[in-house]
Amino acid sequence: MKEQGMLVIISGFSGVGKGTVIKELMRRYDEYFFSVSATTRSPREGEVHGREYLFLNEEEFQQLIEENRLLEYAGYTGCHYGTPADPVKREREAGRHVLLDIEIQGAFQVKKACPEALMLFLLPPSAEVLYRRLVNRGTETMEKIHKRMARSAEEAAYIDRYDGILVNENLDVCVEQLHQIIHNPELAAKYKKENRMAAGTLQKEIEKLLEEKGE
Ligand code: 5GP
């Protein structure tokens, strides 16, 4: 029987580039499986149903909850997001490492259900970079961008409960660090130690930036 694959939670502020990091990790190595979440938010340009997300309406999402088919779910700036349980189980049993791109509430639910899960948090190099990435992405209104930044400031308080903290300044470096940690989870603590100060600084930077932008 194959050894079970790992369950890797990757959280990070909106706009930090989690999607890009995960796509690049999967392009480089074939041992990973990306868990496609269900969501009630509308697709962004270029997003494909079944690839980035399963785009559902509220009724369909509630049905998944009722049928107990989600490993976790949470609300995020007015929409629902959840992880379908079956593919996670199937792929881990096939020996692949399963990557979950989920926010903090969901991350803690998964950790409770699967204590062996590795929890990693991705940080941007600065609040300004995060803000610019969200604005340049052009997929959200300014109101939504401010909501997402405010949520980031709230989330920052919980980063210390993650096993590892990485800074996504350079895509190549970040992808390789992630790959290394998954193969040697003890490295998570090393990167956490290196980057935990950055998390505290970022929280203050985000709050200041929101004040300046009139939030
Ligand atoms: P976005 O709308 O930018 O794609 O995602 C918004 C937030 O929802 C991100 O922090 C992302 O990690 C999180 N998210 C995506 N899928 C899931 C999920 O299945 N469960 C939870 N709890 N969060 C998710």
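Everything below is about the structure shown above.
Here we summarise the structure given alongside this text. Keep in mind that what you see is a predicted model, and the values were worked out from it rather than measured. Note that residues are indexed from 1 along each chain, following the sequence as it is written. Selection of residues for local features in this predicted model requires a pLDDT of at least 70, selection of side-chain atom pairs for listing and counting requires 80 or more, and totals for whole chains, interfaces and linings are taken over all residues. Side-chain figures throughout are based on the complete set of non-hydrogen atoms in the structure, without hydrogens or water.

## Side note on the pairing of strand β1 (residues 7–12)
Part 1: Judged by how many residues are buried, β1 sits mostly within the fold: six of six residues are covered.
Part 2: Per-residue accessibility, obtained with a 1.4 Å probe over protein chains only, is compared with the maximum for each type, and a residue is labelled buried under 20%, exposed over 50%, and partly exposed between these values. The numbering of helices and of strands both runs from the N terminus, where a helix is a DSSP run of H or I of at least 4 residues and a strand a run of E of at least 2. Side chains of β1 alternate between two faces, with Leu7, Ile9 and Ser11 and Val8, Ile10 and Gly12 buried alike.

## Some details on the pattern of salt bridges
Where charged atoms from two side chains of opposite charge come close, those side chains can pair.
Part 1: Definition used for salt bridges: Asp or Glu carboxyl oxygen within 4 Å of a side-chain nitrogen of Lys or Arg. Scanning all chains against the criterion turns up 24 salt bridges.
Part 2: Across the salt bridge formed by Arg28 and Asp172, the nearest N and O atoms sit 2.8 Å from each other. Residue Arg28 is located in helix α1 (residues 18–28), and its partner Asp172 is located in helix α7 (residues 171–183); the two are separated by 144 residues in the primary sequence.
Part 3: Of the residues examined, Arg28 reaches a relative accessible area of 30% and is grouped as partly exposed.
Part 4: The partly exposed category is assigned to Asp172, whose relative accessible area is 40%.
Part 5: Look at the salt bridges and you will find they share partners, linking Arg41, Arg44, Glu47, Arg137, Glu140 and Arg148 into a network.

## Notes on the nonpolar core
The tendency in soluble globular proteins is for nonpolar side chains to be buried side by side.
Part 1: As used here, the term nonpolar core means buried Ala, Val, Leu, Ile, Met, Phe, Trp, Tyr and Cys residues forming a set that is joined through side-chain atoms within 4.5 Å. Counting 55 residues, the largest nonpolar core has Phe13, Met149 and Ile206 as the members making the most contacts within it.
Part 2: Residue contributions to this core peak at eight residues, all from helix α8 (residues 187–212).
Part 3: Note on contacts: a residue pair qualifies if any of its non-hydrogen atoms lie within 4.5 Å across the two residues. Contact partners of Met149, with chain neighbours within four places excluded, come to Ala127, Leu130, Tyr131, Leu134, Ile206, Leu209 and Leu210.
Part 4: The next biggest cluster of nonpolar side chains, apart from the first, holds five residues, and it includes Ala38, Phe61, Leu64 and Leu70.

## Here we look at the site of the ligand
Part 1: It suffices for a single heavy atom of a residue to lie within 4 Å of a molecule or strand for the residue to be listed as near it. Surrounding the ligand, one finds 16 residues, the nearest of these being Arg41, Tyr53, Tyr81, Asp101 and Glu103.
Part 2: Each polar contact in these results corresponds to two N or O atoms within 3.5 Å; when the atoms are within protein, one needs to be able to donate a hydrogen and the other to accept it, and residues that are neighboring in sequence are counted only if both atoms are side-chain atoms. Within the side chain of Arg44, one N or O atom sits 2.9 Å away from an oxygen atom of the ligand.
Part 3: Note that an oxygen atom of the ligand is positioned 2.6 Å from one of the side-chain N or O atoms of Tyr53.
Part 4: Here the ligand has 510 Å² of accessible area as a free molecule, and 96% of this is covered by the chains. Each accessible area is a Shrake-Rupley result for a 1.4 Å probe, and residues are judged covered by the shown protein chains and nothing else.

## Description of the packing of α1 against α7
Part 1: One way to put it is that α1 packs onto α7 with a least axis distance of 9 Å and a crossing angle of 65°. Here α1 is positioned roughly perpendicular relative to α7, judged by the angle of their axes. Seen along the crossing, α1 lies across α7 with a hand that is right-handed. Taken together, the residues of α7 that come into contact with α1 (itself represented by Thr20, Val21, Glu24, Leu25 and Arg28) are Leu171, Asp172, Cys174, Val175, Glu176, Leu178, His179 and Ile182. Angles run from 0 to 180 degrees between N-to-C directions of axes, and those axes are lines fitted to C-alpha atoms, restricted for helices to the stretch in contact. Put simply, angles under 35 degrees are roughly parallel, angles over 145 are roughly antiparallel, angles from 65 to 115 are roughly perpendicular, and the rest are oblique. Here is the rule for handedness: rotate from the far helix to the near one, and if that takes an anticlockwise turn smaller than a right angle the crossing is left-handed, while a clockwise turn gives right-handed.

## Let's talk about the packing of aromatic side chains
Part 1: In this analysis, rings of Phe, Tyr and Trp, with Trp reduced to its six-membered ring, are considered paired at centre separations within 6.5 Å, and the interplanar angle assigns stacked below 30 degrees, edge-to-face beyond 60, and tilted for intermediate values. All chains considered together, the criterion is met by nine aromatic pairs.
Part 2: Each residue in the set Phe13, Phe108, Phe121, Tyr158 and Tyr162 is aromatic and connected to the rest through ring pairs, giving one cluster.
Part 3: Over the ring of Phe108 we find Arg161, and its NZ or CZ is 4.2 Å from the ring centre.
Part 4: As a reminder, the over-ring test applies to NZ of lysine and CZ of arginine, requiring each to be within 6 Å of the ring centre and within 35 degrees of the ring normal. Here the basic side chain of Lys190 rests over the ring of Tyr191, its NZ or CZ set 4.3 Å away from the ring centre.

## Some details on the side chain of Glu103
Part 1: Note that Glu103 resides in the loop between β7 (97–101) and α4 (104–113).
Part 2: Within polar-contact distance, the side chain of Glu103 engages the backbone nitrogen of Gly106 at 2.9 Å.
Part 3: Those residues within four positions of Glu103 in sequence are excluded, and the remaining contacts are Ser11, Ala74, Tyr76, Arg151, Glu155 and Tyr162.

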